[in-house]
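# Inside the fold
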Amino acid sequence: MSSRLSAGPPKPAMSRRALLRGAAAAGSAGVLAGCAGRPDAHLDADAAPWKRYAGTTLNFISENTAPTAAIAADLRPFTELTGIRVNIVTLELSALAQKVALDFASGNGEYDVVYADPYLVLAPYAAAFADLREFQEDPALPRLPGGFGDFIPAHLDTAGRFGDSGKVLALPYDCPTMVWQYRADLFEEYGERMADDLGFDPTPSDNSTWEQYHAIAKWFNSHAHQVRYGTGHQAKQHDALMCDFSNVLWSYDGSYFADGTRVGRFGTTDPGKCLLRSDAAVAGAEFYDRLLRVADPASRTWDWDGLGAAFRSGRIAMCPNWHEYAAANETALPGKVGYARLPKGPARSAGMYGGTGIAVSNVVSARRRRAAWLFANWATAPKTQVSNLASKVGGGTPTRASVYAVPRVVEAEQRPSKMPNMLTAEAVKAAWKDANLGLRPKIPMWGECDTAIYTELSRMFAGEVSPGGAMRAAADRIDRITARGWVN
Amino acid sequence: MTAVTPARAAVPGRAATPARTAAGGPPQRGSRASRTVVRVLVAAALVWTLVPLGWMLLSSFKPTASVTASTPDLWFAPTLQNYRGLFSGANNLWPYLQNSVLAAGLSALLATALGALAGYGLARTRMRGKQHLSFWVVSTRMAPIAAVVLPIFLIFRFLGLIDTLPGLVLAYLSFNLPFAIWLLSAFFSELPPSLEESAQVAGCGHWQAFRHVVLPLTRPGLVTTFVLCLVFSWNDYAFALVLGGPHTQTLPIAASQLVTQTGIDWGQLTAIGTLVVVPMMLVGLAVRRWLVTGLTMGAVTGE
Amino acid sequence: MDSSPTGNVRETGSPATPPARPTPPARPARRAALPLAGFNGRMMAPGLLLLAAVSLLPLAAVIAMSFARVHLLGGLRLEGVGAENWARLFTDPDMAWAWVRTAVYFVLTVGGEMALGTALAVCLWRLRRGRNAALSLLLLPMFVAPVIVGLLGRFLTDSTFGLYTWLLRQLGYNGDVMADQTSAFAAVTLMDIWEWTPLVALIALAGLTTVPSSALEAASLDGAGLPRTLRHIVLPSIAPVLLVALLIRSMDALRYFDIIWNTTGGGPANATKTASVQLYETAFRFFDFGYAAVTGLLMLAVTTVVARYFVRLLERKEPAR
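Cut-offs applied
Counting of residues starts from 1 at the beginning of each chain's written sequence and follows it residue by residue. Chains carry letters from A onward and ligands carry numbers from 1 onward, assigned in written order. Where local features are concerned, this predicted model is filtered to residues with pLDDT of at least 70; where side-chain atom pairs are given and counted, the filter is 80 or more; whole-chain, interface and lining totals use all residues. Think of the side-chain values as coming from all heavy atoms in the structure, minus any hydrogens and water. UniProt positions are given in the numbering used here, feature names are shortened, and annotations may be inferred rather than shown by experiment. Residue contacts are defined here by distance: any two heavy atoms, one from each residue, within 4.5 Å place the two residues in contact. Put simply, buried area is how much 1.4 Å-probe accessible surface two parts lose in total, over both of them, once they are put together. Here a salt bridge means any side-chain nitrogen of Lys or Arg lying within 4 Å of a carboxyl oxygen belonging to Asp or Glu. Each polar contact in these results corresponds to two N or O atoms within 3.5 Å; when the atoms are within protein, one needs to be able to donate a hydrogen and the other to accept it, and residues that are neighboring in sequence are counted only if both atoms are side-chain atoms. Helix and strand labels come from DSSP, where a helix needs a run of H or I of at least four residues and a strand needs a run of E of at least two; each type is numbered from the N terminus. The span one expects for a helix is its residue count, reduced by one, times 1.5 Å. Exposed residues in this analysis have more than 50% of their type's maximum accessible area, buried residues have under 20%, and partly exposed residues fall in between, with area computed by a 1.4 Å probe over protein chains only. Each domain's limits were defined by an automated method or a database of domain assignments. Centre distance within 6.5 Å is the pairing criterion for rings of Phe, Tyr and Trp, where only the six-membered ring of Trp is used; planes under 30 degrees apart are then read as stacked, over 60 as edge-to-face, and the remainder as tilted. Criterion for a charge above a ring: Arg CZ or Lys NZ at most 6 Å from the ring centre, at most 35 degrees from the ring normal.

- Going by what an unreviewed UniProt entry lists, chain A is known as ABC transporter substrate-binding protein and is assigned to Streptomyces abyssalis.
- Word for word, the UniProt comment on chain A under Sequence similarities (unreviewed entry) is "Belongs to the bacterial solute-binding protein 1 family."

And the structure:
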């Protein structure tokens, strides 16, 4: 192996602090190596803050998400503002994680701005990203309009931080959140009959429970001719299954690890023992199994996308899914879809937040990092978020509190809406409240734990294990995985 | 020279019927019933083969709503919107197409050239352990990509080959070259050494004998090798994903990019699928008769 | 690996008259004792050296990784852990099951492709009219990129808008193909068979066109029916060609996973999680490159053994002709 390949901190970094120190050293080594291969950013120290790095070309690697589609379709405003050109590489998430990992392994970064999925990128490679507070405090650089405080707090902590260092490693960029999507037209048509038959008002509200959701789904199965089934789920052996199940798990007071705030909101490398063996978790799994029995059987072949397509095709009356499907729903079923916070379990209501931030790589030169900050700053600015909302090719939803107060945006929360994703605003804002927030563990080995969870759940549907057995088996695997630790 | 004539004649269905029967067509007698059975089986195979491709082609011309209609939609107003979408706005498929053509074409060309040289050497050499050497060649093609991709990536990065066309060409050589060497050495070893020997007696150098006597005789083999290598590299996804970059995206990468967080645009995906498939089909069909001859040749001359 | 001391006439003549060579040999070796010496050696040199460069170095790195914990941040770093990764192989129940599924998948896909490909070739061979057109159309699937085959398979079997789902429903099958373990496994197997049967058929047809017609005439004069002719005359004479097809397919059957990854992703209930899917997950979802190296090496070893066996068979058949 060449010396270049083995360049890096000399000994394994055992603690987090040591790890960070090592990464800082590696970062500076990366700067030297990086200068050899790629041109450094242009710097004109006398220019205005936004213009200082004119002539630079940045590389941005992103999952092919709605905001990136909107930004990629129209980069002109940024280039006019800064004179910086941006190459955007869009990939699906697993391909993105693969490229980013390899990029870090080479010791010098190709990508200046990275779409840092909190679980597959941010947590495993937190040490490879710059602390953005440094740029925010630098008088020579443009500050974030509204500061860090304008980001919705839950978003900034979950998508932007890792661990308790206080650092901000990424700026919240998108914010898909799971909400209850239902055919308002059918609820209206059958509402009274359902209320008579079931003995409660079926209209989705803050008081609706999962048991009621189950009963409504079952009622639709046999009473409504417009749809084949009441409910559909994302229950393919896939990340989506873990997401769908987690909402139920949390609402039944189950949890993956103790101290959900520390593990979920801020993240840690050492989550402790897995709690899926608990009675609450098993009760959640039992309910979820029961729910899937009345759901559309094709649920077991759907990820979020398949579920979205099924809902739009009109074969199911309701489903829990990411709120960003609202725009597509509105095109397929104009005016017919309603959105609400997910139902309550015995403990609470929980809707998974799955947002991601964009981060500045720490393994590129200092100048490039500063140029990259300009892009991250611009791409998450309120103005950009408003124009994304109105974009024809994408959309995405804002991560900044101030955008939700813009009159044009507020107006769009009601039909007829020019920004159909905003129809979900009330539901997602409820889901982002601390009491309702659903956050999966932000740990570097989450990819493997996630796989263990959705694999066991898939085996549960196949009848290979009982709900309790699935939870215990998943817990055993997770404990083995976390025991191996993470020292990357 | 004469040794190869039967191979040429063995092109199936090459207009002249007598040639076909002479060079091993099946016995032409056979009951009517058995002929009907054969026709039915071929028809069934055609349906099984063509339905998915036909559906892909059809869907690529459908308007969005019709693509994912829950009952198959056969009556629709054909549209080019899916194709237009691939070449406009933030999507522009031209560079992808260009990269695919260049990387796959160059790699197949190099693999065939180097494979011809090495295949010939391997076929003619009398070195000890020749069998082991030739098996090693084959075995280099078997390495699972996900395992070797990390070291290959680091080596390429070290050499500055990431996101360059030469890098992709070299990566494709890693699976095309063993295939080419192996296939071509089989062809060469079926040619009697007396061919070159007589050429050398006639005053040709060793290289000239290879260039002017042996190579022309293996043309079908060379074409077959080139086409199969072209197909393998054109269709590659794993290497292109890891070793490519903003400047070297290929068509299969473009296809996977349509799988987005907020849904798959099946209309565009079927359009891109059609675009990926059609050029290879045209190439394959253009040289189909060479394909059969190429693959046949060794056996014919070895008779 | 040195060339045989007896050499041969053809090899000694060349160095004196070096013609225009396309690529100079890596080292101007004159002594016949060196590997890659002589005309044949020089012919092989560029190809084999390039092949060695792109394959041996990564292989060595993978072997090193299999004994290490692989750190990526700040540049690749290997931390030796002895045989820990290898030991894990023997206590990993997933791995054992993945290999069972891999074996079944291998036998069903490669076996199915060989059987159907040969049958198809025989049918085409017996077809008097339209053979060319039929062959042209039947070859098409092998030109489709595996990633497209996977996505197309997902499109066709989607339970909401898939064409095949709809057709099955017309036939009275109301289940969801990808929701059931057996049918999902069958589906991914059939997709692989769809893509690669044409290659086998092409190769087998090439073999068939070389069956000596005199032997066939003789057989039909003896009054041997088609099945007997096939069994005793046709199959034996195309056996070597079929082995070539078998070898080509076995080299790729274990490695390729695009179809499974793009349709079921390994589910439901792990029913389609083969060793190659597991390898991909270990490397690029879990970033556990040490264990991935072990899995990869094991796959390489198994493929090598299988291929070695087929090559032996091939060599045994060759002299007979």
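## Focus on the interface of chain B and chain A
- Taken together, the 24 residues of chain B in the interface contact 28 residues of chain A.
- Counting the surface lost from both chain B and chain A, the interface buries some 2400 Å², and carbon and sulfur atoms represent 58% of this.
- Linking chain B with chain A are two salt bridges.
- The shortest N-O distance in the salt bridge between Arg157 of chain B and Glu110 of chain A comes to 3.5 Å.
- Inspection of the region where chain B meets chain A yields seven residue pairs in polar contact (both at pLDDT 80 or more).

## Quick notes on helix α21 (residues 467-484) of chain A
Residue and element names in this part refer to chain A.
- With 18 residues, α21 should reach 26 Å at 1.5 Å per residue; the first-to-last C-alpha distance of 26 Å fits that figure.
- Along α21, the residues that are buried comprise Pro467, Gly468, Gly469, Ala470, Met471, Ala474, Ala475, Ile478, Asp479, Ile481 and Thr482.
- Where α21 is buried, its residues meet α11 (239-251), α13 (279-294) and α20 (446-461).
- At the exit of α21 stands Gly485, carrying a positive phi of roughly 75°.

## Some details on the domain arrangement of chain C
Residues and elements named next belong to chain C.
- The domain architecture assigned to chain C consists of domain 1 (43-82) and domain 2 (93-320).
- If you look at the interface, domain 1 gives eight residues, while domain 2 gives six residues.
- Between domain 1 and domain 2, the buried area comes to about 570 Å², and carbon and sulfur atoms account for 85% of it.
- On the domain 1 side of the contact with domain 2, Met65, Ser66 and Leu72 bury the most area, a combined 51% of that side's loss.
- Seen at the junction of domain 1 and domain 2, the total is zero salt bridges.
- Linking domain 1 with domain 2 are zero residue pairs in polar contact (both at pLDDT 80 or more).

## Notes on the packing of aromatic side chains
- In the structure shown here, the tally under the stated rule is 49 aromatic pairs over all chains.
- The interplanar angle of 45° and the centroid separation of 6.0 Å between the aromatic rings of Tyr288 of chain A and Phe461 of chain A together place this pair among those described as tilted. Of this pair, Tyr288 of chain A sits in helix α13 while Phe461 of chain A sits in helix α20, and the two are 173 residues apart along the sequence. Like Phe461 of chain A, Tyr288 of chain A is buried.
- Cluster of aromatic residues (ring-pair linked, three or more members): Trp180, Tyr182, Phe187, Tyr190, Trp210, Tyr213, Trp219, Phe220, Tyr252 and Phe287 of chain A.
- Taking NZ or CZ as reference, Arg308 of chain C lies 4.5 Å from the ring centre of Phe135 of chain B, over its face.

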